Amino acid sequence: MNEEYDVIVLGTGLTECILSGIMSVKGKKVLHMDRNNFYGAESASITPLDELYKRFSLPGKPPESMGKGRDWNVDLIPKFLMSNGQLARMLLITSVTRYLDFKVVMGSFVYKNGNIYKVPSTETEALATKLLGLFEKRRFKKFLGFVANIDVNDPKTLDGVDPQKTTMRELYSKFSLGPDVVDFTGHALALYGTDDYIDRPCIETINRIKLYSESLARYGQSPYLYPMYGLGELPQGFARLSAIYGGTYMLNKPIEEIIMEDGKVVGVKSDGEIARCKQLICDPSYVPERVTKVGQVIRVICILSHPIANTNNSNSCQIIIPQNQVNRKHDIYVCMISFAHNVAAEGKYIAIASTSVETNDPEQEIKPALDLLMPIDQKFVSIADQYEPTDPGTENQIFISRSYDATTHFESTCDDIKNIYNRMTGTEFNFAEMERHKKDTFGDAAE
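Owing to the predicted nature of the structure, the values given are computational and were not obtained by experimental measurement.

J.: Looking at this model, I keep getting lost on the overall build of the chain. Mind explaining?
T.: When helices and strands are counted, the chain shows 13 helices and 19 strands. Its C-alpha atoms give the chain a radius of gyration of 22 Å, within 12% of the compact-globule value 22 Å for 447 residues. Principal-axis analysis of the C-alpha atoms gives the chain an extent of 70 × 60 × 45 Å. Within the chain, counting contacts between residues at least 6 apart in sequence, those at least 24 apart form 71% of the total. Averaging the positions of the 49 positive and the 58 negative side-chain charges in the chain gives two centres separated by 4 Å.

J.: Even after reading the chapter, I still don't get unusual backbone geometry, so can you show me in this structure?
T.: Glycine aside, residues mostly have negative phi angles, and peptide bonds mostly take the trans form. Cis geometry marks the peptide bond from Thr47 to Pro48, where omega comes out at -10°. Inspection of the secondary structure puts Pro48 in the loop between strand S3 (45-46) and helix H2 (49-55). Here the residue pair Met374 and Pro375 is connected by a cis peptide bond, since its omega of -5° sits within 30 degrees of zero. The topology assignment puts Pro375 in the loop between helix H11 (367-373) and strand S18 (378-389). Of note in the backbone geometry, Asp262 takes a positive phi value of approximately 55° without being a glycine. Examined against the element boundaries, Asp262 turns out to sit in the loop between strand S11 (257-261) and strand S12 (264-270). Overall, the relative accessible area of 84% leaves Asp262 in the exposed class. Of note, Asn310 is a non-glycine position whose phi angle comes to about 65°, a positive value. By secondary structure assignment, the location of Asn310 is in the loop between strand S14 (291-304) and strand S15 (317-321). Take Asn310: its relative accessible area is 60%, and that puts it in the exposed class.

J.: How do you make sense of the domain arrangement of the chain when you look at a structure like this?
T.: A common way to express how large an interface is: the accessible area buried when the components associate. Here the chain is described as being made up of domain 1 (4-42 + 232-292 + 388-442), domain 2 (59-106 + 295-386) and domain 3 (118-218). Distance from the C-alpha centre of domain 1 to the C-alpha centre of domain 2: 26 Å. Taken together, the contacts link 36 residues of domain 1 with 36 residues of domain 2. A combined buried area of about 3,400 Å² lies between domain 1 and domain 2, and 64% of that area is made up of carbon and sulfur atoms. Inspection of the region where domain 1 meets domain 2 yields 1 salt bridge.

J.: Where do I start with the sheet that holds strand S9 (residues 224-227) in this structure?
T.: Note on sheets: strands pair through backbone hydrogen bonds, and any given pair is parallel or antiparallel. With respect to topology, 3 strands assemble into an open sheet ordered S5-S9-S6, the strand pairing being antiparallel. The open sheet has two edge strands, strand S5 (81-82) and strand S6 (102-104), and neither has a second partner. Note: S6 against S9, 3 bridges, orientation antiparallel. Its bridge partner being in S9, Phe102 is matched across the sheet by Pro227.

J.: Just checking my understanding: could you explain the layout of surface pockets for this structure?
T.: Vacant regions in the atomic arrangement are exposed by a probe of water-molecule size rolled over the atoms. Its boundaries defined by the atoms lining it, the largest pocket holds a volume of some 940 Å³. The wall of the largest pocket is formed by 35 residues, among which Leu191, Tyr192, Gly193, Arg208 and Ser412 lie closest to the centre. Taken together, the residues of the lining of the largest pocket break down into 11 nonpolar, 13 polar and 11 charged. In this model, the second largest pocket occupies a volume close to 500 Å³. In this structure, the second largest pocket is lined by 30 residues; those nearest its centre are Ala41, Glu42, Arg55, Ile77 and Ala384. At the level of secondary structure, the elements contributing two or more residues to the lining of the second largest pocket comprise helix H1 (14-25), S14 and S18. Considering each element in turn, the lining of the second largest pocket owes the most residues, 4 residues, to S18. Residue contributions to the lining of the second largest pocket reach at least three from each of two domains, namely domain 1 (4-42 + 232-292 + 388-442) and domain 2 (59-106 + 295-386).

J.: Help me understand the packing of aromatic side chains, please; the structure alone is not making it clear to me.
T.: Here a ring pair, both rings aromatic, is described through the centre-centre distance and the interplanar angle of the planes. What the rule picks out here adds up to 15 aromatic pairs. Aromatic side chains Phe80 and Tyr226 sit 5.9 Å apart centroid to centroid with 90° between the ring planes, which places their arrangement in the edge-to-face category. Linking Phe80 in the loop between strand S4 (74-75) and S5 with Tyr226 in strand S9, this pair joins segments that are 146 residues apart in sequence. Assigned by exposure class, Phe80 and Tyr226 land together as buried. Chaining the aromatic ring pairs together yields one cluster made of Phe140, Phe143, Phe146, Tyr172, Phe175 and Phe184. The aromatic ring of Tyr5 is capped on one face by Lys29, whose charged end is 5.0 Å from the ring centroid. Taking the ring centre of Phe431 as reference, the NZ or CZ of Arg89 above it sits at 3.9 Å.

Parameters at a glance
- Residues numbered from 1 in each chain as written.
- Predicted model: local features only at pLDDT ≥ 70, side-chain atom pairs only at ≥ 80, totals over all residues.
- Heavy atoms only, no water.
- Helix = DSSP H or I, 4+ residues; strand = E, 2+ residues; numbered from the N terminus.
- Rg over C-alpha atoms; globule rule 2.2 N^0.38 Å.
- Contact = heavy atoms within 4.5 Å.
- Lys, Arg positive; Asp, Glu negative; His and termini not counted.
- Charge placed at Lys NZ, Arg CZ, Asp CG, Glu CD.
- Buried < 20%, exposed > 50% of the residue type's maximum accessible area, 1.4 Å probe, protein only.
- Domains from an automatic or database assignment.
- Buried area = accessible area lost by both parts, 1.4 Å probe.
- Salt bridge = Lys/Arg side-chain N within 4 Å of Asp/Glu carboxyl O.
- Pairing = 2+ DSSP bridges.
- 1 Å grid on protein atoms, 1.4 Å probe; cavity = no way out; pocket = protein on both sides within 12 Å on 5 of 7 lines; lining within 4 Å.
- Points joined across faces, edges and corners; volume = space filled by probe spheres on them.
- Nonpolar A, V, L, I, M, F, W, Y, C, P; charged D, E, K, R; others polar.
- Phe/Tyr/Trp six-rings, centres within 6.5 Å; stacked < 30°, edge-to-face > 60°.
- Lys NZ or Arg CZ within 6 Å of the ring centre and 35° of its normal.

Spelled out as structure tokens, the structure:
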């Protein structure tokens, strides 16, 4: 242990494992430690099923109707990958795809007036959907056509819009889109969790809608991918990448002290020994005095014996409940996967509902999602505090990740990774620079 490293990483959450892999690929000498004896930390997948019962302090053992305990890999943090998003690109350029198999999520749905509808994301779907009235469909079709064709470098495609100055509210008004269309455009296509975006430059939302459309175009059924055997496979894949490039991993290591000299980190003490370093990456749990609480997220893991109603019997799907539909400030999300992904026993489904907490009764807040899932065989409720660092780390060289939010995709996580990378290196994260083995693909993901 008494060695010197460029970077020490504490915690094996996905953010930490990706940064560990990236730094190793860049030629840094990396030591990665976790107090737990498993990968994933907050974002782990729990197996067998009785471990989940223990984690949530449920009495007794899972009933026999749940099948074999080893057939279960239950994610603690529910998220999907955008198939053309940042995490998918990171997986490809680092060749971590060689360790993973993905399936396309079968459908993406949005909630309106107590019912759920498939999210229309193409001009053809916009004309066919039952979500909109006839005149709304025509206006929405024109809007989608404008978004698809806009090129900030070609004035002919702008139709009088200044992408950097025109707000999204003004763009909605230009196409005479009503409140319902605005609702699902901002929340089910652009995937914003609140309405804070609406008075910001419209180019931000346009780019998010384009990402959704490009991701959908890759495999057709939905824009999302999910790894076989659960999300816990992702941090392990990046841990393997780090190891290939010389990274050292130590699980089950108690972290006794972070050693500072002259206001800068110089090492970590574990089991009485000190490993020295120039920089430290960690999740908030390792440095509670250096983070601030910014909110809470409620997540409810639900075991079902049936697909969710009105989702075309999908074995996987996402449902977004826009906040305006249930008089809230934040959206409610549902991620559903199943035995088809080797995360549940035959014939069983796992639906995980999540949202940002707004009141003193979080379970009541998430009830609209749980009502869509009935009947529920078993549920596991968690309320997690959300933290972010109190300083950027550029002075003390301690770089702290943000807690995982309630959204059902990894784009905000990737933004945090790129932000930490920028603070550590003083340069923007460059996908091209990281590129390795360009011929890697997602293999059988489209099957």
